[in-house]
Amino acid sequence: MPELPEVETVVRTLAPHLRGRRIVSAAFTSRFVTPGNRRALARRVAGRRIESVRRRGKFIVIELDRGTLAVHLGMTGKLLMDGMSGEHTHAVFTLDSGVLLYDDPRQFGRIEWCPARVARLGPEPLEIGLEEFIARLRRHKARLKPLLLNQAFLAGLGNIYVDESLFTGGIHPLAIASRLSAPRAARLYQAMRDVIRLAIEHRGSSISDYVDADGNRGEFQLLHRVYGREGEPCIECGALIRKIVVAQRGTHYCPKCQKR
DNA sequence: ATCGGTACCTGCACGC
DNA sequence: TGCGTGCAGGTACCGA
């Protein structure tokens, strides 16, 4: 489900509820979402005060008065403030005011204590400068689609926003990163940032079940230009949008607008 | 360094 | 109606 714009939306809706609250107790029930000692994790967070909630890549980073909790939503994870717990609720945080639930049917998400993964993330797409972006592209002989999905290269893009960014930049998903000309790299940079900013403005994409911390859906899915539009005419040129498989992921592009 | 394949887990749409 | 198959916003790990 969640890529940078969705996680950003969750953080924005969650932060006002959580900031300054105290975690009275926590209960974790999934060996997948919370690998390792779940009781120990519950003891660690119990009694802690929430200092801040922020996003790093696709992680939700919750700073406590002692320690840091990181939540990754995987494909179907949801953090719900005062929501209804159900059969896929795998974590319950009882606060001094309100209850925070973690819901995740597929259990690809994780709730972890100070995970090393966060430190290994690449730069934020909205923070990296053009020069550095181009310099980093030059260092990789990889194809753009898998490279942009690589969180160590850039943190936060996922399948939807890579496809949308490549389309907006007019660049083929199989193009080789190190061989992109500077003008084309600059177009990609601009496109990626425009797409992400617009998606955040529209509170992310709700394809099937994504909702923010208040249970509201996003609406950027209405503005997708290639993702999920295989066989439909390109909005720019009318050619039919194609879907291929790259890096085991469905990859949507316009064969006319996106030349290799 | 990069790639393809597999694995983790559940739900849903589809064809028969 | 039921069943098998493939696919889904994510990441980690393996061997080549």
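Residues numbered from 1 in each chain as written. Chains lettered and ligands numbered in written order. Predicted model: local features only at pLDDT ≥ 70, side-chain atom pairs only at ≥ 80, totals over all residues. Heavy atoms only, no water.

Q: I keep staring at the protein's contact with DNA strand B and nothing clicks. Help me out?
A: Surrounding DNA strand B, one finds Phe32, His88, Pro105, Arg106, Gln107, Phe108, His140, Lys141, Ala142, Arg143 and Gln248. Note that a sugar or linking oxygen of DNA strand B is positioned 3.3 Å from one of the backbone N or O atoms of proline 105. At 2.8 Å, a side-chain N or O of histidine 140 approaches a phosphate oxygen of DNA strand B. Of the residues assigned to the surface near DNA strand B, the class counts are 4 nonpolar, 4 polar and 3 charged. (Near = heavy atom within 4 Å. Polar contact = N/O pair within 3.5 Å; in protein donor to acceptor, adjacent residues only side chain to side chain. Nonpolar A, V, L, I, M, F, W, Y, C, P; charged D, E, K, R; others polar.)

Q: Explanation requested: the pattern of salt bridges in the structure shown.
A: Oppositely charged side chains can form a pair if their charged atoms are brought close together. Counted according to the given criterion, the structure contains 17 salt bridges. In this structure, arginine 12 engages glutamate 8 in a salt bridge whose closest nitrogen and oxygen atoms are separated by 2.8 Å. Taken together, the residues span about one helical turn, with arginine 12 and glutamate 8 both in helix α1 (residues 4-18) at a distance of 4 residues. Arginine 12 gets classed as exposed once you look at its relative accessible area, which sits at 52%. Note that arginine 55 and glutamate 124 form a salt bridge whose closest N and O atoms lie 2.8 Å from each other. Of this pair, arginine 55 sits in strand β2 (residues 50-56) while glutamate 124 sits in the loop between α3 (116-119) and α4 (130-138), and the two are 69 residues apart along the sequence. Of the two residues, arginine 55 and glutamate 124, both sit in the buried class. (Salt bridge = Lys/Arg side-chain N within 4 Å of Asp/Glu carboxyl O. Helix = DSSP H or I, 4+ residues; strand = E, 2+ residues; numbered from the N terminus. Buried < 20%, exposed > 50% of the residue type's maximum accessible area, 1.4 Å probe, protein only.)

Q: What's the story with the side chain of threonine 13 in this structure? I'm lost.
A: Tracing the chain through its elements places threonine 13 in helix α1. A polar contact of 3.0 Å, which involves the side chain of threonine 13, links it to the backbone oxygen of valine 10. Within the local environment of threonine 13, its side chain forms a polar contact with the backbone nitrogen of alanine 213, the two atoms lying 3.2 Å apart. Beyond its immediate sequence surroundings of up to four residues, threonine 13 is in contact with Arg203, Asp212, Ala213 and Asp214. (Contact = heavy atoms within 4.5 Å.)

Q: What is the right way to look at the domain arrangement of chain A in this model?
A: The figure often quoted for interface size is the accessible area lost as the parts come together. Domain assignment breaks chain A into domain 1 (4-119) and domain 2 (130-253). Counting from both sides, the interface comprises 18 residues of domain 1 and, opposite them, 19 residues of domain 2. Between domain 1 and domain 2, roughly 1,600 Å² of surface is buried when both sides are summed, and carbon and sulfur atoms account for 62% of that area. Across the pair lysine 78 and aspartate 209 runs a salt bridge whose closest N-O atoms are separated by 3.6 Å. Where domain 1 touches domain 2, the interface holds 8 residue pairs in polar contact (both at pLDDT 80 or more). (Domains from an automatic or database assignment. Buried area = accessible area lost by both parts, 1.4 Å probe.)

Q: Explain the sheet that holds strand β5 (residues 78-81) to me, please; I cannot follow it from the model alone.
A: Consider a sheet: its strands pair through backbone hydrogen bonds, and that pairing is either parallel or antiparallel. Read across the open sheet, the 4 strands follow the order β1-β6-β7-β5; overall the sheet is antiparallel. Unpaired on one side and paired on the other, β1 (23-28) and β5 mark the two borders of the sheet. Each strand of the sheet is rotated relative to its neighbour by a mean of 15°, with strand direction disregarded. Across 4 bridges, the pairing between β5 and strand β7 (residues 99-103) is antiparallel. Bridge pairing in β7 places methionine 81 opposite leucine 100. (Pairing = 2+ DSSP bridges. Axes fitted to C-alpha atoms, helices over the stretch in contact; angles between N-to-C directions.)

Q: What am I meant to see in helix α6 (residues 159-169) here?
A: Structurally, the α-helix is built with 3.6 residues per turn, so residues lying three or four positions apart point the same way. Along α6, 10 of the 11 residues are buried, which leaves the element largely enclosed by surrounding structure. All of the buried residues along α6 are Asn159, Ile160, Tyr161, Val162, Asp163, Glu164, Ser165, Leu166, Phe167 and Gly169. On the buried face of α6, the contacting elements are α1, α5 (144-149), α7 (182-201) and β10 (249-253). Count one or two residues on from α6 and you reach glycine 170, which has phi positive near 70°.

Q: Is there a simple way to think about the environment of valine 99 in this case?
A: Its location among the elements puts valine 99 in strand β7. Linking valine 99 and leucine 18, residues 81 residues apart in sequence, is a C-alpha distance of 9.7 Å. Valine 99 has contacts with Leu80, Met81, Asp82, Val92 and Phe93, leaving out every residue within four places of it along the chain.

Q: Would you mind going over the sheet that holds strand β8 (residues 110-113) with me for this structure?
A: Strand order in the open sheet formed by 4 strands is β2-β3-β4-β8, with antiparallel pairing between adjacent strands. Of all strands in the sheet, those with a lone pairing partner are β2 and β8, marking the two edges. Looking at each pair of strands side by side, their axes are set apart by 20° on average, direction ignored. Where strand β4 (residues 68-72) lies against β8, 4 bridges are found, and the strand directions are antiparallel. Its bridge partner being in β8, alanine 70 is matched across the sheet by glutamate 112. In the packing of α1 onto the sheet, contacts are made with β2 and β3 (59-64), and the angle to β2 comes to roughly 170°. This element, helix α2 (residues 38-45), spans β3, β4 and β8 of the sheet and lies at about 65° to β8.

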